[in-house]
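Residues per chain are reported as follows:
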Amino acid sequence: MSQPARTSLRGATAPAYRATVLTLCALGVGALASLAAIGLTDAVVWLNEVLLIAPRARVQYEGAGLLVPLATVLVPAVGGLLVALILKGLSPQGRPLGPPDVIEAVQFERPLPGPRGGVASTAAAMVSLGFGASVGQYGPMVYLGAMIGGLVRRLRLNVPNLPAIAVACGVAAAISTAFNAPIAGLVFAHEVVLRHYSTQAFAPTTVAAATGYVFANVIFERPALFLVRFGGVEHGHEFALFAILGLLAAGLAVVFMRLTLWIAARAPRTGVPAWLRPAVAGLAVGLTALWLPDVLGIGKEALRFATIEGAFAPWELAVLVAAKLALTALCIGFGFAGGVFSPALLIGILFGALCWNLVAATGLVATSGIAVYAICGMMALTSPVIGAPLTTILIVFELTRNYDITIAAMVAVVFSNLLAHRVFGRSLFDVQLARRGTDLSAGRDWARLAAIPVADRCVPDPMVANTNEGLDTARRRMARADRSEAFVTDADGTFRGVLHAEAHGNSWEEALRPPDLCFDETTTVMDAMQAIRGFVGDAIPVIDSRDRRLIGVVTEAAVIEAYLDVSQALRREENAVL
Amino acid sequence: MRFSSQVIYRAAGILVALALALPGAGRADEPPLTVVSWGGSYEAAQRKAIFTPFTEATGIAVEVKRYDGGIAELRDRAAAEGWDVIDMLEADAISGCEAGLLAPLDPQALFGDDAARLAGDMAPAVIRRCSLPQNVYATVMAYDDRAFPGVKPTRIEDFFDVARFPGKRAIRRSPDGILEWALLAEGVPPSQVYDLLSTDRGLRLAFRRLDSLRGHIIWWEDAATPPRLLEEGKAVMASGYNGRFFTAARRDGAPISVVWDGRLIAHDVWAISATADRPEAARRFLRFAVRPGPMARLAERIPYGPARRSALSRIGLGPETGIPMRDHLPNAPQHGPRKLVRDSDWASHTRAMRQRRFEAWLEKGGDGG
């Protein structure tokens, strides 16, 4: 159906035109997404300073009586109220948008939710992060980048796959800028958003990631985020420890993701009105922070401390892991806008440090120090949450600029990913999508087939009869049209049965047969593909399950054609060169 | 309050200007302008580069008084001794300004249309409410070359390593600098040092590192002391200001080597006391002292970098040593990447807290000497 349109579309634009459009889009989207990411980061840093969330600001007011404790308790709660107001008043979706929305839009070639929802979501994320909620900044940044890339769709530039590629460009540039990690940005866009590697998409995404890097590194001179000094893994047996650490981290990651989903699902039943929920979560963060200031905000200081021996006592690490995990799940479940990536980094690094402490306390095995275990834990916990092992490995490399740590983290990451994927699913994003009815776990093609209702593929001229007309009239019409069966409804359109040309009987009741197979409005092309195995008839009625009305009729050929269309579109996208 | 003090200050300025405008208003028996500085080789360099040329150019005599920094002295001595212009560490100037001990400056009134250009030339140093940046200095570690005939200390970690590099350490009796070094020695990148020192945990870590030096410390308070302690063999390593070590080593031939790794870079500023007797002359002095010429002359005599970029290109050979001085400035590129730029606002606003913790640490170990 869409094939002729595509062919003409391809014919209409020359490769040189497409190359120009793709390059300009990559540069433009890359630059804007990068600036937006820098703007969001700086706004959050500024808010953290002004609102006494950042330790560096708090310590300067330590002598000012109750100011710091009051700010600690009240700022996150007030932030929660603001977030609820922003989302309720400005966002058509009424909820924060994030990576799952981006994945969904790209995988199903749909437009992203309108810019208003995106802007509201970004503003809410800025407030959430700026006011110290325990959420991450990278999810909102990914959405911000995607939103900027999503604007390209509106330009109608007649380049196949351009909307998805432009979104991927925005995502790549945002990650590239945020982490100062262009390779990770490029891979993240492919691994999480596009989920295929084609030359057509790879080239512009790379350009966008490099643009982000230029902005972050050359123009604004941002330092690498997390430099770590590490001399190398000293003992071979430690790689086994890294693998075990990976498996343990996977367990914790699953707990974290399950808890996040569970709280989100339970939130409406708590009796707390939606507009008050973020404030309640904020209050919980503030009260905890009176005792454990490390839970406030992104926790850059705690990230660093976790790599220093003796900075935390083992029990402090255990308490912080539990507190950060619970508060992050609460903040996200109760409606703060923000991601799970940075909290996962923090929980993971504390967990890694804790594991090292336990190993070191036994005195049984020699180790190369706390730093490498902390970083392995950090990445092993994060990787299953975002479902991107390759990205995670590259992020370690680009954040720490340390090859030895990367190799160690790689081992922990793959084991963690393997276990968590088996037990939980590919990522928190994918499971969130699946709960909204979009299941990507069986692959892109299956998901896309599952997204097309078979009712959309009804034949234009079905043989339909009505019990109002006489049985003979219907039989004559069938003979004239040379059809072997007709689908019969009564006067108000309710489906009654199938009339076969050879069926005997003098009344409708005697002549009608129930159909061999019937679909309803929820049947997807994927369901239909499964159902028509062994089906010998030529048409299948689609009946509304609510009122038994006949929606239409699909043929076996139409189902197969839909399947071929999807496969072809995917094949074209995945193998596109330019 | 700020408004009214400014009004009074302006009015005083106008009165002084009027007094000066009166013909022959007793110029000969005017009291000299009192400039307060840090003594030693630094003050000597300032005399030649700034004070004497200023007197020659304006006919205003300069009397130099000495102090060791800090705002306690400013509070106690400024009014009594008639301090006019003070050479201060930027963090002290911020505290002094907030305490009302320093007179606010109006760059527009001081420099007219040049104010914006001057601010651009001084960036990243900033003209604050009560202070004008004058030079960039570094707190560095130095060692007695005779003490380590084999492997020499090269990194800030070595300062804390009494096993590999045994001997006494001369450290300023203040939490400034040594806590930063303690965290650098823990592997904290310079960009995060102040974030971490802002937390209780960070302070505990820093003091834990300092614990490793217990019993090996000689405290100093006067900036001229650390090179002397090294030269006399009383300490093997010392914290101190790069200019002082340079003068001792290069001019006086002391066997001292400077380690630039982990240097702590900060700004030195000019400020005018709120109780200045001669505010108009003080402002004239400031206008003179921040010109690129005097800044470069100072840097030729003692390697403190000029706060103005335009002064950098004017720096030549040291007049007494014949050494090209640009290579010895704290911001010279060959000194290596690990440096920490002091956050003066932070330092000013956390002084009391850090001092309290520092005193407690001293108390705990009976290491108060």
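### Description of the overall build of chain A
If you tally the helices and strands in chain A, you get 24 helices and 6 strands. Seen through its C-alpha atoms, chain A measures out along the principal axes to roughly 95 × 60 × 50 Å. The long-range fraction of contacts in chain A, counting pairs at least 24 apart against all pairs at least 6 apart in sequence, stands at 76%.

### Overview of the domain arrangement of chain A
Assigned domains of chain A: these are domain 1 (3–223), domain 2 (238–427) and domain 3 (449–567). The distance between the C-alpha centroids of domain 1 of chain A and domain 3 of chain A comes to 47 Å.

### Some words on unusual backbone geometry
The omega angle of the peptide bond from Ala123 of chain B to Pro124 of chain B is 5 degrees, so this bond is cis rather than trans. Considering the arrangement of structural elements, one finds Pro124 of chain B in the loop between helix H6 (115–122) and strand E4 (131–144). Of note in this structure, Leu52 of chain A is not a glycine but carries a positive phi near 60 degrees. If you trace the backbone, Leu52 of chain A turns up in the loop between helix H2 (15–50) and helix H3 (55–58). Phi is positive for Asn158 of chain A, which is not a glycine, with a value near 60 degrees. Residue position: Asn158 of chain A is located in the loop between helix H7 (138–150) and helix H8 (162–179). Look at Asn158 of chain A and you get partly exposed, because 13 C-beta atoms sit within 10 Å.

### With respect to H7 of chain A
Each α-helix turn comprises 3.6 residues. Residues three or four places apart therefore point the same way. Its 13 residues place the ends of H7 of chain A 18 Å apart at the C-alpha level, agreeing with the 18 Å of an ideal helix rising 1.5 Å per residue. The element H7 of chain A is extensively covered by neighbouring structure, given that 13 of its 13 residues are classed as buried.

### With respect to the interface of chain A and chain B
Interface extent is often summarised as the accessible area lost during association of the parts. At the junction of the two partners, chain A supplies 17 residues and chain B supplies 19 residues. Listed by contribution, the elements that provide at least two residues to the side of chain A that touches chain B are H3 and helix H13 (300–305) of chain A. Tallying contributions element by element places H13 of chain A first for the side of chain A that touches chain B, with 4 residues. For the side of chain A that touches chain B, the per-class residue count stands at 7 nonpolar, 3 polar and 7 charged.

### Concerning the sheet that holds strand E2 (residues 485–489) of chain A
Residues and elements named next belong to chain A. Ordered by their spatial adjacency, 4 strands build an open sheet running E1-E2-E3-E4, and the pairing between neighbours is mixed. Every interior strand has two partners, whereas the edge strands, strand E1 (464–466) and strand E4 (512–513), have only one. Note: E1 against E2, 3 bridges, orientation parallel. If you follow Val464 over to E2, its bridge partner there is Phe487.

### Things to note about the packing of helix H2 (residues 40–58) of chain B against helix H12 (residues 242–251) of chain B
Packed helices, taken two at a time, are described by the angle between their axes plus the distance between the axes. Residues and elements named next belong to chain B. Between H2 and H12, the shortest axis-to-axis distance is 8 Å and the interhelical angle comes to 90 degrees. With respect to H12, the axis of H2 lies roughly perpendicular. Contacts between H2 and H12 involve Gly40, Ser41 and Tyr42 from the first element and Gly243, Arg244 and Thr247 from the second.

### Some remarks on the domain arrangement of chain B
Residues and elements named next belong to chain B. By domain assignment, chain B separates into domain 1 (2–136 + 268–312) and domain 2 (137–265 + 332–365). Computed over C-alpha atoms, the centres of domain 1 and domain 2 are 29 Å apart. Taken together, the 16 residues of domain 1 in the interface contact 16 residues of domain 2. Among the secondary structure elements, those contributing two or more residues to the side of domain 1 that touches domain 2 are H2, helix H4 (90–98) and E4. Looking at which element gives the most residues to the side of domain 1 that touches domain 2, the answer is H4, with 4 residues.

### Looking at the nonpolar core
One broad rule of soluble globular proteins: the nonpolar side chains tend to lie buried together. All names here are of chain A. Judged by nonpolar contacts, the single largest core of 273 residues is most densely connected at Ala168, Val171, Leu350 and Ala412. Element by element, the count of residues in this core is highest for H8, at 14 residues. The contact partners of Ala412, leaving out residues within four places of it in the chain, are Phe242, Ala243, Leu245, Gly246, Ala249, Cys376, Met379 and Ala380.

### Describing the packing of helix H11 (residues 238–266) of chain A against helix H15 (residues 341–362) of chain A
Residues and elements named next belong to chain A. The geometry of H11 relative to H15 is characterised by a closest axis approach of 10 Å and an angle of 135 degrees between their N-to-C directions. For the element pair H11 / H15, the angle class is oblique. As for how H11 packs across H15, the hand of that crossing is right-handed. In this structure, H11 uses Leu241, Leu245, Leu248, Ala249, Leu252 and Phe256 to contact H15, whose residues at the interface are Ala344, Ile347, Gly348, Phe351, Gly352, Cys355 and Val359. The residue inventory of the contact of H11 with H15, partitioned by class, reads 11 nonpolar, 2 polar and no charged.

### Observations regarding helix H4 (residues 67–90) of chain A
Spanning 24 residues, H4 of chain A covers 32 Å between terminal C-alpha atoms, matching the ideal 34 Å at 1.5 Å per step. Those residues of H4 of chain A lying buried are Ala71, Thr72, Val75, Pro76, Ala77, Gly79, Gly80, Val83, Ala84, Ile86 and Leu87 of chain A.

Reading the values: rules and limits
Every chain is numbered independently, its residues counted from 1 as its sequence is written. Throughout, the order in which chains and ligands are written sets their labels, letters from A for the former and numbers from 1 for the latter. Note on the predicted model: pLDDT of at least 70 is required for a residue's local features to be given, and 80 or more for side-chain atom pairs to be given and counted; whole-chain, interface and lining totals, by contrast, use all residues. Every helix listed is a DSSP run of H or I at least four residues long, and every strand listed is a run of E at least two residues long, numbered separately from the N terminus. Residues are scored as being in contact if the C-beta atoms we place from backbone atoms lie within 7 Å. These domain boundaries are the output of an automatic or database domain assignment. Partly exposed residues are those falling between the two cut-offs: more than 12 but fewer than 20 other C-beta atoms within 10 Å of their own, whereas 20 or more means buried and 12 or fewer means exposed, with C-beta atoms placed from the backbone. An expected span of 1.5 Å times one less than the residue number is assigned to each helix. Residues are grouped as follows: Ala, Val, Leu, Ile, Met, Phe, Trp, Tyr, Cys and Pro are nonpolar; Asp, Glu, Lys and Arg are charged; every other residue, Gly included, is polar. The pairing criterion for strands is at least two bridges between them, as found by DSSP. In this analysis, axes come from line fits to C-alpha atoms, helices being fitted only over the stretch in contact, and the angle between any two N-to-C directions falls in the range 0 to 180 degrees. Our angle categories are set so that under 35 degrees counts as roughly parallel, over 145 as roughly antiparallel, 65 to 115 as roughly perpendicular, and the remainder as oblique. Remark: nonpolar core denotes a set of buried Ala, Val, Leu, Ile, Met, Phe, Trp, Tyr and Cys residues whose joining runs through C-beta atoms within 7 Å. By definition, any crossing whose near helix is turned counterclockwise from its far helix by less than a right angle is left-handed, and any crossing with a clockwise turn is right-handed.

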